[in-house]
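Analysis of the macromolecular model
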Amino acid sequence: MSNGKTTADIAQADMIEQPAASEGPDQTSPTETLPLRMHPRVFAALGKDLVTNDVVAVIELVKNAYDAFAENVWVEFSEDEDGETSLEIRDDGIGMSRQIIEDVWCLVATPYRERNPIVRKGNKVRRVVGAKGLGRLSVARLGGQLKMLTKSREEPCWEVSVNWSRLAQTDSLNQSTVAIEECRDRMKLTTTGTSLQITDLETTWEESQIEDLRENLARLLSPFSQTERFNIFLSTTERTEPVRIETPEFLSKPKYCIEGTVGVLGNIDADYRFSPVSSRSLGRSKALNTNWDTILTGIPDNDRKNYSKDHPKCGSFKFEIRAWDIGATDTREISGTFDIRRGLVRQAIRSHKGISVYRDGVLVLPKSENSRDWLGLDLRRVGRVGSRLSTSQLVGYVAITADDNPGIEDTSDRERLSDSKEVAEFELILQEIVRLLEFERDVDRVLPGKEQPMVDLFQRLSTRELISDVSLLARTGATAKEVVPIVRTFGEALDEARDALQDRFVYYSRLATVGSIAQMLMHEIRNRTTSISRAIRKLISMIDLSKDKSTASLTKRGFDSLNALESLADTFAPLANRNFARRAIRLILEERIQRCLQMNQDDIRQKKIQCHVPDSETIITADPAELDTVLLNLIMNASYWLGRVDPKTRRLEFELTRYRTENGLRVDVALHDSGPGIDPEHIEYIFLPGVTRKPNGFGMGLNIASELVALYGGDMKTIREPTKLGGASFIFDLPVDEDDKEVGP
């Protein structure tokens, strides 16, 4: 051919449609196909990106041993003659055949595990937990070279060698190969199983990292998996003898514990147990139940759309959450009872801290220290005043399954759960379980009369008695050995006082924060209401409201709203400024009650609560903001709990009873509701700071209300059963003004 084209060129050109000479703008250009390729460095890159750290990489390989139906796995660090460290992970599982090595092990992200979720060994079955193909990527992250020995029951031992560094230098995956041969040394692996010998390690394993690995290996298996036999042994260059990974005994005997199940409809059925470390105290147990509707009541209305209305879609699961007090006195008590060094008590709790999720018996998360608080408990604790548990006080276990909880999936890096409605509902239920545990713990932790005056606490720090005792012993010729017990006793009392003061100051510092917020709200509300008031008055001056009824109605509603905001600002006043000047003026108590009900009318109307206030007139002298604070706290508390009962039975009733004392006339103000009532064992604690049963409560409302009543020489209390409407009844007393002077607004 005269144009110089080869036969191949012509054949290729014939396969592509050539544009016509008169091709116009409407003609489409030819479509070509390009191959999708990956560079061999993908193994190293994905290993670093998808496997968070070296500890997580080892955990993934140990999980692979579990998937191979191993009963024992050994993690061994050793040094060769040149001082180079190597890592071997060896198991006694079912091993791999030649075909499995080629078709599955050499194919990253194979769907093999998804298609074969069950592994069999004899007449036993085990559900596998790995399905993302992270095993090979974990090996690539840990070291530059791998020698794998593996033997299945029907085949000889195979030896597979991979040089990850050399593999990364090739140009394409087509050139990426691994070496395989039948193992020449028949003594290397005589029974079924797999050995991963990793050399040219990327990281120098320091003692702290080894300890981190030990702690995470101890958390790998769920305590719910009682029928599974899976032992993990660890040996290091410092300690060549393998040590079985176990947890301290005291972790299985928590001081506080909540255990139970969550059903498919979101109902929580749990048992709470209080088991004092010391036998000097009595324990307590209690059955706890709640449902999905109740859980949703603690969610702001605009956030409920993020959750299923009828029941959660996350599926059923089991849980057990254990908790401890970790103050100096508490750790000393645990140390003495379980014969463990005090320093190891907090260390052991810290090693297992947080709530761990196990799928089919094996850890899903958290995998690293950074993800221990994946449920957000520490942030929740900082944001709310009261006795909230942190991850450092909790060791929790949650058991899910692939069958019952398909929507609860972890991300590829295994550091968190994926974003989905199922996961959001799962987390919401777990937060409610923690809240139930916290409330019951408060009942057992805060004993009546435990709240000592601050002066008494500081007196316990005095060394006067200690000096007196030591001086007396010195005068009688006592030895140092005889003096030590007295000093030790004083030290223990000092620790207890310090812990009590710390708890008290933490609470008051949070209360001070609330005061700052209240001050800001007062300032902002009053600045805005002034501007809005001017705008409305300007509008009135421009329009004849007698001729425009619609505008007149809107104007009235605007002024009503302004008055409500001003009242709200007044309500914050007692908290907002320590120099707040109390306005002791004469008020009609019934009118203030009606006013506070009006301020809460939206909630009352929505819940269809029937309210009753006596048709009487009781004059008192009080600061209106302080009185409103007391009334609003009681009304809002009653309204919340009335939302938990049948709408047809929701009633709220005020009852006023006058009586004369030596100091004059007083009135008992009682508020009765038809709600679920107060558990008798909780009555002694509800006025203590930080104690609350509300999911989003601060535990301050009733405490503040009772403190304000005390300013008027009164007392706030609850009425024990039977109550007037079958629910809760609160009662407080105030002095009645018998003067006939003009009553304030």
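Residues numbered from 1 in each chain as written. Predicted model: local features only at pLDDT ≥ 70, side-chain atom pairs only at ≥ 80, totals over all residues. Heavy atoms only, no water.

Let us now look at the overall build of the chain. Counting secondary structure elements, the chain contains 21 helices and 24 strands. A buried classification covers 46% of the 745 residues belonging to the chain. Within the chain, contacts between residues separated by at least 24 positions form 72% of all contacts whose residues are at least 6 apart in sequence. Per element, the accessible surface of the chain, about 40500 Å² overall, is 50% carbon and sulfur. (Helix = DSSP H or I, 4+ residues; strand = E, 2+ residues; numbered from the N terminus. Buried < 20%, exposed > 50% of the residue type's maximum accessible area, 1.4 Å probe, protein only. Contact = heavy atoms within 4.5 Å. Areas by Shrake-Rupley, 256 points an atom, 1.4 Å probe, with all protein chains shown as cover.)

Take the confidence of the model for the chain next. Model confidence for the chain is summarised by a mean pLDDT of 77, while 72% of its residues fall at 70 or above. When the criterion is pLDDT under 50, residues 1-22 qualifies, and its contacts beyond four places in sequence or with other chains add up to four contacts. Here residues 382-386 scores under 50 on pLDDT; set against residues more than four positions off or in separate chains, the count is 16 contacts. (pLDDT = per-residue confidence, 0-100.)

The next point concerns the state of the cysteines. By the definition in use, this model includes zero disulfides. Sulfur of Cys 157: no disulfide; nearest cysteine sulfur belongs to Cys 183 and is 4.2 Å away. You can call Cys 157 buried: its relative accessible area is 9%. (Disulfide = S-S within 2.5 Å.)

Inspection of the entire model under this criterion finds 24 salt bridges. Among the ionic pairs, Arg 153 bridges to Glu 154, the shortest N-O distance being 3.4 Å. The exposure class assigned to Arg 153 is exposed, which follows from its relative accessible area of 70%. Residue class for Glu 154 comes out exposed when judged on its relative accessible area of 66%. Glu 211 is paired through a salt bridge with Arg 214; the nearest N and O atoms lie 3.2 Å apart. Here the residue Glu 211 and the residue Arg 214 both occupy positions in helix α8 (residues 207-218), the gap between them amounting to three residues, near one helical turn. Taking relative accessible area as the criterion, Glu 211 reaches 26% and is therefore assigned partly exposed. If you follow the salt bridges from partner to partner, you end up with Arg 284, Lys 286, Glu 440 and Asp 444 in one network. (Salt bridge = Lys/Arg side-chain N within 4 Å of Asp/Glu carboxyl O.)

A sheet is described by the order of its strands in space; here eight strands give the open sequence β7-β6-β5-β8-β2-β1-β9-β10, paired in mixed fashion. At either end of the open sheet lies a strand with only one pairing partner, and these are β7 (179-182) and β10 (243-244). Note that strand β1 (residues 72-79) and strand β9 (residues 231-235) share five bridges and pair parallel. Each bridged residue has a counterpart across the sheet, and for Trp 74 the counterpart in β9 is Phe 233. (Pairing = 2+ DSSP bridges.)

In total, this model carries 10 aromatic pairs according to the counting rule given. Ring geometry for Phe 317 and Phe 426: centres 4.9 Å apart, planes at 75°, overall edge-to-face. Taken as a pair, Phe 317 in strand β14 (residues 317-323) and Phe 426 in helix α13 (residues 421-445) lie far apart in primary sequence, 109 residues in all. Of the two residues, Phe 317 and Phe 426, neither departs from the other in class, the shared state being buried. Following the ring pairs from residue to residue traces out a cluster consisting of Phe 250, Trp 324 and Phe 338. A cation sits over an aromatic face here: Arg 98 above Trp 158, 6.0 Å from the ring centre. The cationic tip of Arg 441 hangs over the ring face of Tyr 256; the distance from NZ or CZ to the ring centre is 5.6 Å. (Phe/Tyr/Trp six-rings, centres within 6.5 Å; stacked < 30°, edge-to-face > 60°. Lys NZ or Arg CZ within 6 Å of the ring centre and 35° of its normal.)

When you line up the elements, Ser 335 lands in helix α10 (residues 328-338). Residue Ser 335 is classed as buried on the basis of its relative accessible area of 15%. For the pair formed by Ser 335 and Val 345, sequence separation is 10 residues and the distance between their alpha carbons is 6.9 Å. Excluding its chain neighbours within four sequence positions, the residues that come into contact with Ser 335 are Ile 340, Arg 341, Arg 342 and Val 345. At 2.6 Å, the side chain of Ser 335 and the backbone oxygen of Ile 340 are in polar contact. (Polar contact = N/O pair within 3.5 Å; in protein donor to acceptor, adjacent residues only side chain to side chain.)

The strand order across the open sheet formed by seven strands is β13-β12-β11-β14-β17-β15-β16, and the pairing between neighbours is mixed. A single partner strand is all that each edge strand has here, and the edge strands are β13 (284-290) and β16 (362-365). Ignoring which end each strand starts from, the neighbouring axes of this sheet average 20° apart. Strand direction decides the pairing type here: β14 and strand β17 (residues 394-400), joined by six bridges, are antiparallel. If you follow Phe 319 over to β17, its bridge partner there is Val 398. (Axes fitted to C-alpha atoms, helices over the stretch in contact; angles between N-to-C directions.)

So, about the pairing of β17. Burial runs high along β17: seven of the seven residues are buried. What you see with β17 is no split at all: Leu 394, Gly 396, Val 398 and Ile 400 on one side and Val 395, Tyr 397 and Ala 399 on the other are buried throughout. By the bridge criterion, six bridges tie strand β15 (residues 354-359) to β17 in an arrangement that is parallel. Opposite Gly 354, over in β17, you have Val 395 as the bridge partner.

Turning next to the packing of α10 against helix α11 (residues 342-352). The interhelical angle for the contact between α10 and α11, taken along N-to-C directions, is 100°, at an axis separation of 8 Å. Viewed along their axes, α10 and α11 adopt a mutual orientation that is roughly perpendicular. Contacts between α10 and α11 involve Ala 328, Thr 331, Arg 332, Ile 334 and Ser 335 on the former and, on the latter, Arg 342, Val 345 and Arg 346. Grouping the amino acids of the contact of α10 with α11 by side-chain chemistry returns three nonpolar, two polar and three charged. (Parallel < 35°, antiparallel > 145°, perpendicular 65-115°, else oblique. Nonpolar A, V, L, I, M, F, W, Y, C, P; charged D, E, K, R; others polar.)

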